[in-house]
Amino acid sequence: MHDPEFNVEEGQIPEEILQKWEARGVSRRDFLKFCSVMTASLALPSTFMGKIAEAMEADNRPSVIWVEFQGCTGDTEAFLRSNQPTAAEIILDYLSIDYHETLMAAAGHQAEAAKQASMEKYKGKYIAIVEGSIPMAENGIYCTIAGDSALNIARKVCGNAAATIAVGTCSSYGGLPAADPNPTGAVSVSEAVPGVAVMNMPGCPLNTENLTAAIVHFLTFGRLPATDNFGRPKFAYGKRIHDNCERRSHFDAGQYAEKFGGAGHRQGWCLYKLGCKGPETYHNCPTVRYNESLSWPVQAGHGCIGCSEPQFWDSMTPFYKRLPQVPGFGVEATVDKVGLGLAAATAVAFGAHGIASALRKGDDDSKGKKED
Amino acid sequence: MSTLELRYVWEWPVRLTHWINVISIVVLAVTGFYIGNPFVAVPDVNAYVMGWMRFLHFIFGYLFAISVVVRIIWMIFGNKYARFKAFAPWASVEGWKNMLGTFGYYTFVKRKPPFCVGHNALAVVAYSGIFVLFIIQILSGFALYGQFAPGSFWDNTLGSLLVVFGSQGLRLTHHLIMWLLIAFAIQHIYSGWMMAIKEKNGTMGSIFSGYKFIDTEDES
Amino acid sequence: MAKKIAVDPITRIEGHLRIEAQIEGGKIQNAWSSSTAFRGIETILKGRDPRDAHHFTQRFCGVCTTVHSMASIRAVEDALKIRIPDNARLIRNIIMGIQNVQDHLIHFYHLHALDWVDIVSALSADPKKTAALAQSVSNWPLSSTTYFKGIQDRVKAFVGTGRLGPFANAYWGHSAYKLPAEANLMAVAHYLEALEWQKDIIKIHAILGSKNPHPQTFLVGGMAIPVDPNSQNAINADKIALIGKLLKKARTFVEQVYIPDLLAVASFYKDWAAIGEGVGNYLCYGDFHMDNSGGIDNLYFPRGIIMGKDLANVMALDESRITEEVTHSWYEYSSGGDAGRHPYEGETNPKYTGPQPPYEFLDTDGKYSWVKSPRYNGEPMEVGPLARVLVAYASGNADAKGAVDFVLKTLGVGPAALFSTLGRTAARGIDCLMLAQKTEFWLQQLTDNMGRGILEVHNSEKWEPSTWPKEAQGFGYHEAPRGALGHWIRIENGAIKNYQAVVPSTWNAGPRDAAGKLGPYESALIGTPVADDQQPLEILRTIHSFDPCLACAVH
Ligand code: HEM
Ligand code: HEM
Ligand code: NFV
Ligand code: SF4
Ligand code: SF4
Ligand code: F3S
Ligand SMILES: [Mg+2]
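The paragraphs below set out a description of the structure included in this document.

Some thoughts on the site of ligand 4
The local shell around ligand 4 consists of A:Gly71, A:Cys72, A:Gly74, A:Asp75, A:Gly168, A:Thr169, A:Cys170, A:Gly203, A:Cys204, A:Pro205, C:Arg59 and C:His214. With respect to ligand 4, the chains having nearby residues are chains A and C. If you list the elements that add at least two residues to the shell around ligand 4, you get α4 (74–80) and α8 (168–173) of chain A. The residue makeup of the shell around ligand 4, split by class, is four nonpolar, six polar and two charged.

Take a look at the structure:
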């Protein structure tokens, strides 16, 4: 079968590594494909394949402690949709997920003991993954696990990790719990635990392809990939949605869907006027897409809501309008209504002023002496 | 006895930049309004309406930015009517008197505006405000412009604005300032017209020619 | 002597659940259910655009990821009297149907199974006997000796690394595990297969809604996914074919793997048909509209309530009798006192009175949970697949009757067995099977509509807030995987005035009420045997049988 993504020579990866993986039930072909997809995702030259393969060696499986605080488990679910490699492969072959409440068999104090053991054994070496924001108000009582606050747990888990990855917009930037008026004082991991190295992988939920690529990068180079002003890895958040969008030609042409289900909408015209936030959102959704590259929001006819941007619940709303509300005006006042009102008011005021001053007496003694 | 004297007030850089600004603002407001709210229905896939609108917006954005920068530099080298000081009436007692006087005139409290050769004192306050808006508009414009190319010059220089104000915040500001400029323009043209009539000093003409009529008695 | 224990975190669920239990003589004598996390999304919603609400509420939960969009949108549509186009009804049914199916499968294999299946014991199974067992219960093709040998080797290699990852430190070898080694191995194989399967079949959400979790496709008034056989940017013949293929894959797995496994495992745990009964009252809003009238008379799962396990008497449900109490929840009502509030008048004012972290035990005499206590006519109600299936069964729904009778007969038990931990788990399978079989029908209807040139997906008549009344209120319901979900909205001047959600897991996980009546989790735990209070596997069994979702419950 012809597979365009898969053009790898076996020689690039040492034979004994391939054999080891085969012994563990991962076929040669699958492993090669995995390495090649990873090299491509991370935009590395294919000569790095060998290095990636070495990094994935069996006993190198890094320990991962995945904690969830004020989240919705959407990022975990996203992770379960992983395809290259699959979640089963990741769990069995690539990582050692020593703590993850949604997946782990142990419960209660036995679960906590597993976490403790792994933290001690792999101190400074494990990867911490955090899902959900951390409530800071009232001594952290808005989220406790096993009797301790999310804040204390984050300090311990992230403080002793080799690296922390914040998955999803909640742990990256506070996300939904931090939306106005932020009832629980929710913050991001980097705000809650300043000083630890955190890489943000926002998205609501994050795209699991990006998570796998970031982990492989870490395994290969021993450090996390380069990040932008918002702490997001550039390989995944380096470009705006809008600049890679398949509907961009319609945007440039000036063809906009005016109405959901209308002709332009059915023909795949640009969703700008239906509130698409692609022009202000950095994410690789149009190129990587979701669920095995099947689709992404714009492809399915709904505008981007900017879910990988900080504070998007406040800055990108209302979602079906292009711009936020002008602060202090009602929900129906768009910036153009407010602006037009302002311009009209000016015109009216000065028009009136003009009439009044035309009627003003005494103006005609133009040779005016100074009045007083 | 008073004599009328023709005086050279607005040097050519002031006039040139004024008119470049006026033209750019008109183009930027029209194209910007379209960018914000593309109101033309385009049936042809091969059209490039938004493309051209944005292209024009960026070209005139550059032109406008250069013009504003030149004008600001001229605040150092220009004559006394063009300098920084002329834009800061609040820095002198005389200036305050002028401001209050003009305010009184506009609000019908006084019958005559105080005398001035350059900008009138209240207008100058508006102008300094307008220059601030110009600068905000340019900064927000170029910050937004930098978005399409992370790592580019504009992104590196102005990207921090996106961090501090957020890109939606900047867009909203940019859009809102367009309206403020339109409102200013209405008021400005009206005031210029009124001054021209009431003061009969050639205010309107001056921005073309550079010359105003000065009543020497008033000046004393 | 009674001993109090705390299980925190309850794992293999969604969210943060803590169970405290008093154990005496190897049985639970008293229990308290608590959620220890709060986000305050109802408060965050105030003042916002009602059309945006569904994006917020969808993030109540990433597991039942579509359901709060659905309920939210229905609440707004109810408030504004919006009728949706038929295509929108069908697309919604397909999305919801497959959500239930996938969610149930994940629950059974990845969240619940390890309560019954001992992975370590699978290592000593005979692959040949496993193959024989598998073939005796199903036609599923992946059932050869080599196949099971391969799985076993893989698990052995994994265990051989000495690093068990998510399987470390569990209750392996616990005396309550009853399956023979071969059944354990079969279940482990299906655990892995189901992990693959779930990500495949949920692609239906990606096709109809861009991605999963958190599809982006619902709209007040309909759907955002266009339908047009002549466009490559819409649901066209190609996509219908792909959805059809995935639905078939879904149904086949449910029929040939899930249901046979469920029955095979259940047959070793029939004692659990007498454990974990709970409150015995069941509430179901009903769902899956069979026509486009917008009424509730023609729902695939009918609406109704059952009180005191009386299947002979399914009563009509009156939404206005629902209240939420906060006597034992960390909230206070502005009116003070213990009286419950109907959701239109509902309030979410947090007031934490529990111990400061780190703590050992909660103050279970006072307030002890972030979950409120919903009541119907003052009574606690269980919701979920069991309630849904019971109401359908007792109302004479033929599909439900067929499936329930088949399961009861295969297990050799009577209907009373349904009121139990095992019954809950079985009902989830029945629910899953019914929907896996029905969803293809809705796809067919959608295809027919397209063939007749019916392409409308969104009713935009009342899209603009300028067309709305100054004040409006609405109730949106949905039968989510975990049961009856309700959202109540009040709209004023185009903005959200008040928003309240009463979620399936709120009903089930809620604490005691002012009258001291236990919530369904709490009440189901009473009498549950616990062989070893250090390894309370049995607590997990009963709690997991409800499929808890605490992010949902508290929101
Ligand atoms: C008086 C001057 C200007 C006015 C009135 C103006 C007006 C506007 C308006 C109304 C928009 C639409 C905003 C929205 O609704 O999203 C806009 C967008 C924009 N403007 Fe300006 N603008 C001005 C100057 C500039 C300058 C100096 C630049 C610098 C390059 C600039 C760059 C941009 C950019 C990059 C956009 C976004 C275009 C896009 O997203 O496709 N503008 N402008
Ligand atoms: C028909 C159009 C216009 C005319 C006839 C006009 C006329 C004038 C005149 C006469 C002055 C000098 C005023 C004084 O003595 O106080 C002036 C200054 C100024 N005008 Fe305009 N103007 C026009 C449009 C605009 C527009 C659209 C803008 C910007 C929105 C603008 C911005 C300014 C500024 C910032 C100054 C101060 C100039 C400086 O000191 O460099 N003008 N204009
Ligand atoms: N309880 C609950 Fe949900 C469901 N099903 C929602 O309504 O899980 Ni997250
Ligand atoms: S970022 Fe989104 S998907 Fe992730 S936990 Fe937060 S709300 Fe859920
Ligand atoms: S659909 Fe959105 S991202 Fe795509 S071109 Fe239009 S505005 Fe840009
Ligand atoms: S909403 Fe999120 S998923 Fe991508 S297209 Fe927009 S960033
Ligand atoms: Mg609620």
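A word on the side chain of C:Arg428
All names here are of chain C. Position of arginine 428 relative to the elements: it lies in helix α13 (residues 421–451). Among buried Asp, Glu, Lys and Arg side chains, arginine 428 stands out as unpaired, with aspartate 547 the closest opposite charge at 4.1 Å. A distance of 2.7 Å separates a polar atom in the side chain of arginine 428 from the backbone oxygen of serine 545. For arginine 428, the contacting residues outside a window of four places in its chain are His104, His107, Tyr258, Pro385, His544, Ser545, Phe546 and Asp547.

Structural notes on the site of ligand 1
Neighbouring ligand 1 are 24 residues, the closest being B:Arg54, B:His57, B:Arg171, B:His174 and B:His175. At the site occupied by ligand 1, the surrounding residues belong to chains A and B. In this structure, B:Arg171 approaches ligand 1 through a side-chain N or O atom, which is 2.5 Å from an oxygen atom. One of the side-chain nitrogen or oxygen atoms of B:His174 is found 2.7 Å away from a nitrogen atom of ligand 1. At the level of secondary structure, the elements contributing two or more residues to the shell around ligand 1 comprise α1 (12–36), α2 (49–77), α4 (121–146) and α6 (167–199) of chain B. When its residues are assigned to classes, the shell around ligand 1 shows 13 nonpolar, eight polar and three charged.

Observations regarding the interface of chain A and chain C
Counting residues at the interface gives 95 residues for chain A, matched by 99 residues for chain C. Looking at the side of chain A facing chain C, the largest losses of area belong to A:Ala105, A:Arg266 and A:Tyr320, adding up to 8% of the total buried there. Scanning the region where chain A abuts chain C turns up five salt bridges. With a closest N to O distance of 2.8 Å, A:Glu292 and C:Lys199 form a salt bridge. Here chain A is connected to chain C by 47 residue pairs in polar contact (both at pLDDT 80 or more). Ranked by residues supplied to the side of chain A that touches chain C, first place goes to helix α6 (residues 108–121) of chain A with seven residues. For the side of chain A that touches chain C, a count of residues per class yields 45 nonpolar, 29 polar and 21 charged.

So, how was this worked out
Residues numbered from 1 in each chain as written. Chains lettered and ligands numbered in written order. Predicted model: local features only at pLDDT ≥ 70, side-chain atom pairs only at ≥ 80, totals over all residues. Heavy atoms only, no water. Near = heavy atom within 4 Å. Helix = DSSP H or I, 4+ residues; strand = E, 2+ residues; numbered from the N terminus. Nonpolar A, V, L, I, M, F, W, Y, C, P; charged D, E, K, R; others polar. Buried < 20%, exposed > 50% of the residue type's maximum accessible area, 1.4 Å probe, protein only. Lys, Arg positive; Asp, Glu negative; His and termini not counted. Salt bridge = Lys/Arg side-chain N within 4 Å of Asp/Glu carboxyl O. Polar contact = N/O pair within 3.5 Å; in protein donor to acceptor, adjacent residues only side chain to side chain. Contact = heavy atoms within 4.5 Å. Buried area = accessible area lost by both parts, 1.4 Å probe.

So far we have only geometry, and geometry alone does not tell us how the molecule works.
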